[in-house]
Structure formats: C-alpha cells, structure tokens
Protein chains: 4
Amino acid sequence: MRSEIESSGQKSRSFIEEARRAQIVASAIEVIAEVGFAQASLARIAAHADISKGVISYHFAGKEELMVEVVERTYGAIAEHVLTKMQGLQSATELLRTHVLSVAEHMRGHRTQLKALGEIFTNLRTADGKLRYGIKASEPTYLALEGIYRLGQESGEFRDFDVRVMAVTHSSAVDTMFAYWMAHPGHDLDAHARELADLLERACVT
Amino acid sequence: MRSEIESSGQKSRSFIEEARRAQIVASAIEVIAEVGFAQASLARIAAHADISKGVISYHFAGKEELMVEVVERTYGAIAEHVLTKMQGLQSATELLRTHVLSVAEHMRGHRTQLKALGEIFTNLRTADGKLRYGIKASEPTYLALEGIYRLGQESGEFRDFDVRVMAVTHSSAVDTMFAYWMAHPGHDLDAHARELADLLERACVT
Amino acid sequence: MRSEIESSGQKSRSFIEEARRAQIVASAIEVIAEVGFAQASLARIAAHADISKGVISYHFAGKEELMVEVVERTYGAIAEHVLTKMQGLQSATELLRTHVLSVAEHMRGHRTQLKALGEIFTNLRTADGKLRYGIKASEPTYLALEGIYRLGQESGEFRDFDVRVMAVTHSSAVDTMFAYWMAHPGHDLDAHARELADLLERACVT
Amino acid sequence: MRSEIESSGQKSRSFIEEARRAQIVASAIEVIAEVGFAQASLARIAAHADISKGVISYHFAGKEELMVEVVERTYGAIAEHVLTKMQGLQSATELLRTHVLSVAEHMRGHRTQLKALGEIFTNLRTADGKLRYGIKASEPTYLALEGIYRLGQESGEFRDFDVRVMAVTHSSAVDTMFAYWMAHPGHDLDAHARELADLLERACVT
DNA sequence: AATGAATGAGCATTCATTCAT
DNA sequence: AATGAATGAATGCTCATTCAT
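Rules used throughout
- Residues numbered from 1 in each chain as written.
- Chains lettered and ligands numbered in written order.
- Predicted model: local features only at pLDDT ≥ 70, side-chain atom pairs only at ≥ 80, totals over all residues.
- Heavy atoms only, no water.
- Helix = DSSP H or I, 4+ residues; strand = E, 2+ residues; numbered from the N terminus.
- Contact = heavy atoms within 4.5 Å.
- Lys, Arg positive; Asp, Glu negative; His and termini not counted.
- Charge placed at Lys NZ, Arg CZ, Asp CG, Glu CD.
- Least-squares fit on C-alpha atoms with pLDDT ≥ 70 in both.
- UniProt positions renumbered as here; feature names shortened; annotations may be inferred.
- Near = heavy atom within 4 Å.
- Polar contact = N/O pair within 3.5 Å; in protein donor to acceptor, adjacent residues only side chain to side chain.
- Nonpolar A, V, L, I, M, F, W, Y, C, P; charged D, E, K, R; others polar.
- Expected span 1.5 Å × (residues − 1).
- Buried < 20%, exposed > 50% of the residue type's maximum accessible area, 1.4 Å probe, protein only.
- Arc of directions from axis to C-beta.
- Axes fitted to C-alpha atoms, helices over the stretch in contact; angles between N-to-C directions.
- Parallel < 35°, antiparallel > 145°, perpendicular 65-115°, else oblique.
- Buried area = accessible area lost by both parts, 1.4 Å probe.
- Salt bridge = Lys/Arg side-chain N within 4 Å of Asp/Glu carboxyl O.
- Phe/Tyr/Trp six-rings, centres within 6.5 Å; stacked < 30°, edge-to-face > 60°.
- Lys NZ or Arg CZ within 6 Å of the ring centre and 35° of its normal.
- pLDDT = per-residue confidence, 0-100.

Looking at an unreviewed UniProt entry, chain A carries the name TetR family transcriptional regulator, with the source organism given as Nonomuraea turkmeniaca.

The following block contains the structure:
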C-alpha cells in the first residue's frame, strides 16, 4: 500500500534508528491496546519498552508523530493483506465475500494492533481539538466498497440500492465484528465472518 | 426504562438537588459533545454551566458518577422512545423496520445527547482501567434484537441465520448511521434509515 | 500611574485572591532577583513561598501573566514615585535633576524589585520568541525625557542637541547606576546620582 | 588584547580542531543573536552548523566553555579595533571622542557578534547561579575610561568630577547606543555616536 | 575525530479531588 | 447548599551531558 519511497520527505533512517522506532511503535501498540488511548502516556509506553522517556522524544518529534506512525504501520499491513487477497477476483460477490473474510483472517493474527488502531482512530485529536482520524478517514474504504457494490449493480449481480449506505454498513459491520470478538475471545471469528458475508450478499442480490 | 425506584439505594433528592444535577448533566452533555470526552474536564463543564467547580463535586461523588448519570438519562430517553414505537407490533419485519426508523427519528432531535453518549461509551473507564461501557454494555440491545430476529425465524418470516451476528450487525449499523450523519450534516438521515431497514430485511427474508 | 479601573477587563478579585497574588508576585520577585529569570521556575517560586506549585497555576493563567503582573506592580511603583516628585516643577534643569535623584531615592528601598524588573525586561519573551519588553518598551520613558529636554531647549536653558540621543543616554545612565550599585553594595548611590545629574546638566546647558 | 599564550593552560590545538571550534563559535554567535541566549540550545547551535550535537561536546568541555570562547573572541576583536584607533592620541578629548566613534564604527560591521556578546553578558551564569559576566566584568573598561578622564583632569582639559561615575555612564551610553540601533535599524548610528561624543565632552570640559 | 543514541532531571501546565468556610 | 482555594500527581516536552562505537 504505502512504500517508503512514496512517503513525503522521509530522511533515510539508520538500521538502529529504524529498529528503535519499530520497538517504540510496538510498545505503543501494546500499551494503547491494554490501557486505552487516554492512559497511554509516553511515560507508560517508555516504561513498557524498558527505555527512558527521553528515547521516545529522541526518535519521534512528539506524541502525535508516534501515533501517526502506529496508524500507518498498522493500517498499511491490513490494507496490504486484504488487497492481495482480492487481487484478480472479478465478480462483485466474490470481492465482497473476500473482503469480509480476509479482514477477519487478518484480525486473528493482529488483535493488539487493530485494538490500538481503533483507539487512535477514535481518540487522537489535532492541536485544534478535532479528531485526527474521524469517520471521514474511512472515506477511502467507503469509496473502495462502493466500487465493489456498484460493479455488482452494473453486472446485474446486485439489485439497485444506495451504495453509500451499503458501504457504510459493510464497513461498520466488519469493525464491529472485530470489537465483538475482542470482547468475547471465545467467539468464532471465522463463523461470524461467513455469516456476515452471507448477510451482506443476501442484502444485495436481486 | 429506568425508574427512580429501581435504581440502587438512591436517597430521595430535594427539588433543588435534582435541578442542579440535571443542570450539570446537561452541561456535561454539551461539553462532551463539543470537545470530546478527553477534553471535557470538570472545570470546563462547570464553566460552561456558569457554576463553580466545587458544585459538581458537591452533587456528584466523582466524575464517574456524573458520567454514569449522563448515560442513564440519555440512554433511558432513547430506549423509552423506541420501545413506545414498537409497542403492539407483531411481525418481526415490522419490529425490525420500526427499530431502525424510530432510532433515526430520535437521533434527529437528540444529536448532542447521542454524541455525548457515544463519547462516554468509548472512553469512560473504571478505576482498574477497563472500559466502563464496552461492547458488553450492548448486551441488552443484542438480546432484544435477537428476540426480534428469532421471532421472525419462528414465524417463518425469516430464513435461518445466526441471530447474534445479525443483532450485532444491526446494532452497529444503526450506531454508524448516527456517526456518519454527525460527520456529514447534510446527509439524509431518514433515507439512510429506510435503506438500512431494507438492507436488513432483505438479508433476513427467505 | 495605573489604576485598577483603567486596566482592561479585570474581574474584581476577592481579598484572599488579591493577597495570594501579591504573595506570589513577591515570591517571584525575590526568586528572580536571586537566581535570575532563566532559573526562576514556577516550582522554585512556589517553594520559596512555601506553597504548592498548583497555587500559582490557580491564581495566574500562566507564567507570562505572573511576569507581567510583576512588571506592572514594580514599574507602576517607581513611576508613581518619580512623577510625584516631579509634579509642579517648572524648569527643565530642575526636572532633569529631580528625575535622576528621585529614581535613585526609589532604588534604595526597592533593590530586589528593580533587579527582578530588569531580569524580566531583558528575558521575558512572547510565544513567537521575541522579547516581550525590549528596548522599545522604553519608548514612553524616552518620550517623557525628550519632553523635559525639549522644554529646556525652548526655554533657552539648554543648548541645541539631539533630544533622542540625550534621552536614551539619560535613561541608560540611570539604569546602569542601579546595576552598578547592585554589584557594589558599598557604592554611594546618592553621590552617584548627584554626579550624574551634574553630568547631564552640564551636557545640556549652553 | 589576549594572546594564546596568556590564556591559562591551553594545550596547543590541531588545525582541524581550531577550525571546528571556530565554526561552532560562529554558529553559536548566529543562533544566540537570532533567538536569544535562553533559546540557544546546543541542539540548535549544532543544527545551525549542520553538525551533530556530539561534536560540540567533543570540542568543548561544556556549554559554558563555548560561551566563554564566544565572549573572548568577540570581545577581543572589538578591543583590538578600538585600541588601534586610539593608539598615539594624546589629548583626553581626542581619546574620549575616538573611543565613542571607533566603537560605533566597529558595531556597524559586527552587529551579530555584539548582539550575542550582550546576550551572554546578561545571561550566562556559573554553576552557583551567579552571573558569569556581571557588571564587574566591565571593570577593565571602567579603568581604561577612568584613565582617559583622569588624564583630562590632570591636563586641565576637564573639570573636576567623579571619574568612576563618568566612566560608568560613558560605558553604558555606548552599550545602549548599540542596543538602540539594533532595535531601530534605520537609526543613524554615526550621528548618534557624534552626538554622544559631544554630550560627553561637554559634560567634562570646564 | 566524530557521532548517533540515550539519559534523567527539569520545565509549564492540566486536572480531579479535598476541604474550610 | 455552595464555593473558592489549594493540592499533588501526571502529562508532553526540552535539554546538557554521557558514552560506545
């Protein structure tokens, strides 16, 4: 999804620098996932990583930069996984099912990361007090899903419906599947994903 | 939904006391909705209500008690509205559509309250660091929705599916409808609700 | 010089509030005078006053507000003293001598305050990094002194010279008299003031 | 003024070492002049010189040593210029005028250096919290100026007055001429210097 | 000779809570 | 019933200095 080269003006980082950043990001993810965004202070993140507070300040310009990096790494990973799975598929039905199932598949191995991602999405604010990633940050996802649904309508697979509502619902259903699974660890995530895929498919077909 | 009598061990409150609590709750709702949970300090809530910070501490045992009261009042109101609308309906299809439409109806007149409610749901934590209202707080809603879907299955209106997944998806779709409308004020909430009701109905019928 | 009423939008303060502010200002003056502006942290000022750090934050919006209050109180006091002494005088020579002598007189009883005032003048910066009170803050003083020198030129007491250079030199000579006396406590301040008055007068008369 | 040999216990430095020190000193001067002493962190000075922070620590025992070197180089330059100009002059009047005029002349080409010098003079403190260069650091200047004024008194050019007050006033007037010019870049520095020389001369002559 | 990395003390500020009045 | 005052812990951040490489 996102290559180092595309990214704006990044200085090349030394191996050690990169390792430290990765370590700090990992610690941040764990702490945020465990105690929530609001309690995830730099002090706590540093203590969890067994490093001094100053190290974080040394490697990141500020808390915001660290959080943004968490988002980029985490979100990049899921997007990469899902897009790979969807590559080459033709029918809208297949695409929609694959999206749901592959996201679930990714979730199984990345609970902590996705928990942290959600925390940051709903809490990180810019200096002017507005959410850094509000629901508007989901726009790319909505557009992608709309593409799938519109494709199905054009091919005749799907009935006529509001693709925006469908996309928003689809997206939230997937997110909530994750949240529900997090809260109920014994829950069968794959079964849930299959049920959800059925549900969405049935809602669309003529 | 919630009567004074049910509530645990509440001493009866004087009229003045009740008025003050209501005033403070109202101020809290407005502040939380405007600046978000994390920035909604007691100082800010007090200033918004044009009272001294101490008043809040006097009337509420702590910030948590205030937040809980916000939730109870706000959540009680929506539940009351929706249950009234659903009363007397028989078919699962009618119940499911009415749920979606009446929630949307209520949303239109209670943006601020529901915004605050959402903020508290996703942010308020108990002393031990866990979310006070996690997704588990939705259990009563899930059970109620499951009841509707199971009813539809038993009556033959609906096909066979996992009612829990359906309920979770339904619930999250409604919540996200609200969030999307908050972020896009020009969005047609009622149309969205009708589309969503169609979508859910189609997903269920045989 | 500065009455409470002139000042912009000051809420009336309670007696206790005023007393605390005065105590904190006094502590700030002592600490700044002793350790210099840069080392005069709020923590140090609070400790010196034997109060908690939070008290300062409670009574002052920030460090800057405290520093500004120190300046206003200290500068107001000296201006009041000097203006009182000069009131009613007619001749430029008398005015100029009285200015020098009365400032010195005030200095003798207000060493610490004036030391602190100087520290703040040369160190306090606004958020954008510029000196809050640079040499440009001396403009009112320069204008007042220019008035005296111009008066002398118009009355024929004084020769023709650049009144701005004269005012700047006069002002700095008075300031440095203070600094020199601070560094050499045994120095005879009054004798210095008389010599300086002579010096300035001689420089002006025809 | 100051030769390498006089300086206490300096090991001879390699050419590279000397070049690096000079580069760092130059960077320090520019940063201090631009942002003020308090904001002139080693990090900032290093970044301005496009070198790593560690380089400064490598070449200087600490921040203080760097600052002292800035002072010595800067102060040495002005002293050298002024002394050269005064060399050979006989009359006290000539000496006094030449001092004022040649300092002004030097100022015109060394704004940044002198700004930095002033910042360090008024801010640099030793470990025990006292100003490293207080007004007492001006003692050599005072002594030199006293020499001129005493010469004038002995030769009969000048009236009888307190040479110390005269020297202190002279010195501060020159310093403030610089500060005023820095704050008002359009100000005519040479005219100011001539006026000041006139002023001082008139204050002295019988 | 040079550096990137790390440290830990110190900074101003915010905040929920306590308490005497 | 209400408040202004005070507290002290916590937060993100800066900085001079140290050190292994």
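Right, picking up where we left off after that structure.
Looking at this model, I keep getting lost on the overall build of chain A. Mind explaining?
Within chain A, the regular secondary structure consists of nine helices and zero strands. For chain A, the α and β elements follow one another from N to C terminus as α-α-α-α-α-α-α-α-α. Its C-alpha atoms give chain A principal-axis dimensions of roughly 60 × 40 × 35 Å. A separation threshold of at least 6 residues defines the contact pool for chain A, and within that pool the share at least 24 residues apart is 64%. For chain A, the distance from the average position of its 23 positive side-chain charges to the average position of its 28 negative side-chain charges is 6 Å.

Would you mind showing me how to read the relation of the copies chain C and chain D here?
Between the two copies, chain C and chain D, the superposition gives an RMSD of 0.3 Å; the rotation angle is 178 degrees and the shift along the axis is 0.1 Å. Between the two chains, the operation in question is that of a two-fold axis. If distances are taken from each C-alpha of chain C to the rotation axis, the shortest is found for Ala203 of chain C, at 2.1 Å. Most of the interface of chain C is mirrored in chain D: 100% of its interface residues are interface residues there too.

Quick question: what am I supposed to make of the UniProt feature "DNA-binding region" (unreviewed entry) in chain A here?
According to UniProt, the positions carrying the feature "DNA-binding region" (unreviewed entry) are residues 41–60 of chain A. Its end C-alpha atoms 14 Å apart, residues 41–60 of chain A is made of 70% helix and 0% strand.

Help me understand the protein's contact with DNA strand E, please; the structure alone is not making it clear to me.
In the neighbourhood of DNA strand E, 30 residues make up the surrounding shell, with Arg20, Val55 and His59 of chain A, Lys63 of chain B together with Val55 of chain D lying closest. Contact between DNA strand E and Arg20 of chain A: a phosphate oxygen at 2.6 Å from a side-chain N or O atom of the residue. A distance of 3.3 Å separates a base nitrogen of DNA strand E from a polar side-chain atom of Lys53 of chain D. Looking at the surface near DNA strand E, the elements that each hand over two or more residues are α1 (15–35) and α3 (53–59) of chain A, α3 (53–59) of chain B, α2 (42–49) and α3 (53–59) of chain C together with α3 (53–59) of chain D.

Can you walk me through the protein's contact with DNA strand F in this structure?
Neighbouring residues of DNA strand F: 29 residues in total, closest Lys63 of chain A, Val55 of chain B together with Arg20, Val55 and His59 of chain C. Between DNA strand F and Tyr58 of chain C, the relevant distance is 3.4 Å, taken from a base nitrogen to a side-chain nitrogen or oxygen of the residue. Within the side chain of Lys53 of chain D, one N or O atom sits 3.3 Å away from a base oxygen of DNA strand F. In terms of residue class, the surface near DNA strand F is built from seven nonpolar, 13 polar and nine charged.

What am I meant to see in helix α7 (residues 139–155) of chain D here?
Because an α-helix completes one turn every 3.6 residues, residues spaced three or four positions apart along the sequence face the same direction. End to end, α7 of chain D covers 24 Å across 17 residues, agreeing with the expected 24 Å (1.5 Å per residue, within 8%). Residues Tyr142, Leu145, Glu146, Ile148, Tyr149 and Gly152 of chain D constitute the buried set of α7 of chain D. Along the long axis of α7 of chain D, the arc covered by the buried residues comes to 160 degrees, so they all point the same way. In α7 of chain D, those exposed residues whose orientation departs by more than 90 degrees from the buried face are Pro140 and Glu154 of chain D. In this fold, the buried residues of α7 of chain D make contact with α8 (163–183) of chain C together with α4 (63–86), α5 (92–109), α8 (163–183) and α9 (189–204) of chain D. A positive phi of about 85 degrees marks Gly156 of chain D, the residue just after α7 of chain D.

Sorry, what's going on with the packing of α1 of chain A against helix α4 (residues 63–86) of chain A here?
For any two helices packed against each other, one specifies the inter-axial angle together with the distance between the axes. Residue and element names in this part refer to chain A. At their nearest, the axes of α1 and α4 sit 10 Å apart, and the two run at 90 degrees to each other. Taken together, the axes of α1 and α4 are roughly perpendicular relative to one another. Taken together, the residues of α4 that come into contact with α1 (itself represented by Glu18, Arg21, Ala22, Ile24, Val25, Ala28, Ile29 and Ile32) are Glu65, Leu66, Met67, Glu69, Val70, Arg73 and Thr74.

Sorry if this is basic, but what is going on with the side chain of Ser171 of chain B here?
Residue and element names in this part refer to chain B. Along the polypeptide, Ser171 turns up in helix α8 (residues 163–183). On the basis of relative accessibility, which here comes to 8%, the residue Ser171 falls in the buried class. If we skip the residues at most four places from it in the chain, Ser171 touches Thr141, Tyr142 and Leu145.

Where do I start with the interface of chain A and chain B in this structure?
Often, the extent of an interface is quoted as the loss of accessible area upon association of its parts. Taken together, the contacts link 31 residues of chain A with 32 residues of chain B. Both sides of the chain A and chain B interface together cover about 3,000 Å² of buried area, and 65% of this is carbon and sulfur. Seen at the junction of chain A and chain B, the total is two salt bridges. Note that Arg125 of chain A is salt-bridged to Glu119 of chain B, the shortest N-O span being 3.6 Å. Here chain A and chain B share 10 residue pairs in polar contact (both at pLDDT 80 or more) between them. Among the elements of the structure, α6 (111–123), α7 (139–155), α8 (163–183) and α9 (189–204) of chain A are those that each provide at least two residues to the side of chain A that touches chain B. When residues of the side of chain A that touches chain B are assigned to their parent elements, the largest contribution, 11 residues, is made by α8 of chain A. A per-class count over the side of chain A that touches chain B returns 14 nonpolar, eight polar and nine charged.

Just to check I follow, could you spell out the interface of chain C and chain D for this structure?
Between chain C and chain D, the contact holds 30 residues from the first and 32 residues from the second. Summed over both partners, the interface of chain C with chain D comes to about 3,000 Å²; 65% of that surface belongs to carbon and sulfur atoms. Where chain C meets chain D, there are two salt bridges. The tally of links between chain C and chain D comes to 10 residue pairs in polar contact (both at pLDDT 80 or more). Taken together, the elements giving at least two residues each to the side of chain C that touches chain D come down to α6 (111–123), α7 (139–155), α8 and α9 (189–204) of chain C. With 11 residues, the single largest contributor to the side of chain C that touches chain D is α8 of chain C. Within the side of chain C that touches chain D, the residues separate by chemical class into 14 nonpolar, seven polar and nine charged.

Help me out: how do you make sense of unusual backbone geometry in this one?
Glycine aside, the phi torsion of most residues is negative, and most peptide linkages are trans. All names here are of chain A. Even without being glycine, Asp50 reaches a positive phi, approximately 60 degrees. Tracing the backbone through its elements, the reader meets Asp50 in the loop between α2 (42–48) and α3. For Asp50, a relative accessible area of 72% gives the class exposed.

Got a minute to help me understand the packing of aromatic side chains in this structure?
To describe a pair of aromatic rings, you give the distance between the ring centres and the angle between the ring planes. For the structure on display, the rule yields 28 aromatic pairs over all chains. A ring pair is formed by Phe121 of chain C and Tyr133 of chain C, whose centres lie 5.2 Å apart and whose planes are at 55 degrees; its orientation type is tilted. Pair noted here: Phe121 of chain C is in helix α6 and Tyr133 of chain C is in the loop between α6 and α7, with a separation of 12 residues, a long-range link. Taken together through their ring pairs, the aromatic side chains of Tyr75, Phe121 and Tyr133 of chain A make up a single cluster. The aromatic ring of Tyr133 of chain A is capped on one face by Arg132 of chain A, whose charged end is 5.4 Å from the ring centroid. The side chain of Lys63 of chain C reaches across the aromatic face of Phe37 of chain C, ending 5.5 Å from its centre.

Hey, could you run me through the confidence of the model for chain A in this one?
Caution is warranted with low-pLDDT regions, since their predicted coordinates should not be read in detail. Model confidence for chain A is summarised by a mean pLDDT of 92, while 94% of its residues fall at 70 or above. Note that pLDDT drops below 50 for residues 1–10 of chain A; the model gives that stretch nine contacts with residues more than four away or on any other chain.

Hey, could you run me through the environment of Ala183 of chain B in this one?
Mapped onto the elements, Ala183 of chain B comes out in helix α8. For the pair Ala183 of chain B and Arg111 of chain B, spaced 72 residues apart in sequence, the C-alpha to C-alpha distance is 11 Å. Residues within four places of Ala183 of chain B in sequence aside, it is in contact with Ile135 and Lys136 of chain A.

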